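Structural description and commentary
Spelled out, the chains give:
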Amino acid sequence: MTEQKVTAEDFERMFHFEEGTLPEFIRRELDNVASAHHLADAQEQAEYVLDFLKRIDQKTITRTKAENLAAFESGWTENYNKLLRDGASLNSLKPGYFRGNKFLRYNNQLIVSDNLQLEFDLFRIARHCIFYKYLNSSDTICELGCGSCQNILMLAELFKDANLIAADWTCASKKIADQLGVCLKRNISGHVLDMMDIKDANFIPPGSSIVTIHAFEQLGTNFAGILDFMIKSRPKIVVQYEPVLEYYSESNLYDFLALKYCRKRNYLENYLAALKQLEQEKKIEIISTYRPFLGGVLHESSLIVWRPL
Ligand SMILES: C[S@@+](CC[C@H](N)C(=O)[O-])C[C@H]1O[C@@H](n2cnc3c(N)ncnc32)[C@H](O)[C@@H]1O
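Residues numbered from 1 in each chain as written. Predicted model: local features only at pLDDT ≥ 70, side-chain atom pairs only at ≥ 80, totals over all residues. Heavy atoms only, no water.

**Thoughts on the packing of helix α6 (residues 118-134) against helix α7 (residues 150-158)**
Rules: Interaxial angles span 0 to 180 degrees and are taken between N-to-C directions of axes, which are lines fitted to C-alpha atoms, for helices over the stretch in contact. Only runs of H or I of at least four residues qualify as helices and only runs of E of at least two qualify as strands under DSSP, and these elements are numbered from the N terminus. An angle below 35 degrees is treated as roughly parallel, one above 145 as roughly antiparallel, one from 65 to 115 as roughly perpendicular, and anything else as oblique. In this scheme the handedness of a crossing depends on how the near helix is turned from the far one: anticlockwise by less than a right angle means left-handed, clockwise means right-handed. Any two residues whose heavy atoms approach within 4.5 Å at even a single point are treated as in contact. Just so you know the grouping, Ala, Val, Leu, Ile, Met, Phe, Trp, Tyr, Cys and Pro go in nonpolar, Asp, Glu, Lys and Arg go in charged, and all remaining residues, Gly too, go in polar.
At a minimum axis separation of 11 Å, α6 and α7 run at an interaxial angle of 50 degrees. Judged by the angle between their axes, α6 and α7 are oblique. You can see that α6 and α7 cross each other, and the crossing is right-handed. Here α6 contributes F120, F123, R124, R127, H128, F131 and Y132 to the contact with α7, which in turn contributes Q150, N151, M154, L155 and L158. Considering only residue class, the contact of α6 with α7 consists of 7 nonpolar, 3 polar and 2 charged.

**Describing the environment of G100**
Basically, it comes down to this: Here the term buried applies to any residue with accessible area under 20% of the maximum for its type, exposed to any over 50%, and partly exposed to those in between, with areas from a 1.4 Å probe on protein chains only.
Within the secondary structure layout, G100 lies in the loop between α5 (90-93) and β2 (103-106). Take G100: its relative accessible area is 33%, and that puts it in the partly exposed class. For the pair formed by G100 and L116, sequence separation is 16 residues and the distance between their alpha carbons is 4.6 Å.

**Quick word on the site of the ligand**
Threshold: The near set for a molecule or strand comprises every residue that places at least one heavy atom within 4 Å of it. Residues adjacent in sequence count toward polar contacts only when both atoms are side-chain atoms; beyond that, a polar contact is any pair of N or O atoms within 3.5 Å, and within protein one must be able to donate a hydrogen and the other to accept it. In short, Shrake-Rupley with a 1.4 Å probe defines the accessible areas, and a residue's cover is counted only from the protein chains shown.
Taken together, the neighbourhood of the ligand is formed by 22 residues, with G145, Q150, D168, M195 and I213 sitting nearest. W169 places a polar side-chain atom, nitrogen or oxygen, 2.9 Å from an oxygen atom of the ligand. The contact in question runs from a nitrogen atom of the ligand to an N or O atom on the side chain of D194, over 2.9 Å. Relative to its unbound accessible surface of 590 Å², the ligand loses 98% to contact with the protein. Residues that form the shell around the ligand fall into these classes: 11 nonpolar, 7 polar and 4 charged.

**A word on unusual backbone geometry**
Cis rather than trans, the peptide bond between G295 and G296 has omega equal to 10 degrees. Structurally, G296 is set in the loop between β9 (284-290) and β10 (302-308). Non-glycine residue N266 carries a positive phi angle of around 60 degrees. Mapping N266 onto the fold places it in the loop between α10 (253-264) and α11 (271-280).

The following block contains the structure:
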């Protein structure tokens, strides 16, 4: 079986860097990842598909809003306790749902690796690519749906002078953000915000950058209020790494399964279409949108970068 590795050139292709321009710190980070993998053979593919179909049929795959909030509150409370116990590190803030898996969706195929944390390792590098490329010149960065604040920590490490704002509907996320500000001696503020029920939130200074990662995912089609809130906040750029169902192809087996899964979980849908409509109305400009073809064990995220006009 031919073993391959994920290379700097792969990341340049996935995140639209000019050839040879991937920053040195990202190349070094990639050198330290055990990325050896092979394409899934027929037996492995069958194992993956069977497991996926069983998951889609599980009753627990759908949650009420209250159950969803409770699950995230409990998960992020565990991370808060780890932060207090072990200090600020990506390890303390790693979400518990990265359980480890030998399978990964990659480059429109299914790969198998001995590194069961390959998904998380490549996700970390993907975020460095995204942050470096789109948030480099930001004085203030706000993450909506910040969760355990793992991205806030990465942003704080990457951009030493940036002010950071972290919002989520869990109280644990606010506690983590505020504690991170104390630990790192940085201007980091936490805010409790239900993105499906925006009232009179007003914590994003005009000219800030907004980022969302795997967070709008949770909103299904209930994004009109938060979209309006973002536009009214007058950010200079909005960078979103979220599932974009429009980019899946129903004639590809793995995409078809991902679509079924996302719909069963009531994940984000029709969001890119809504942004395109706003672009037609000359209210926003979509700067860039693409699918990097990087999993996720079960599904993938795509980039949407835009700004209000
Ligand atoms: C999959 S996690 C991603 C967290 C974080 N962005 C990351 O990349 O680690 C989804 C996040 O969205 C948050 N979330 C879900 N529904 C929300 C809502 N209605 N308002 C605000 N946050 C919400 C959850 O609490 C959780 O932190």
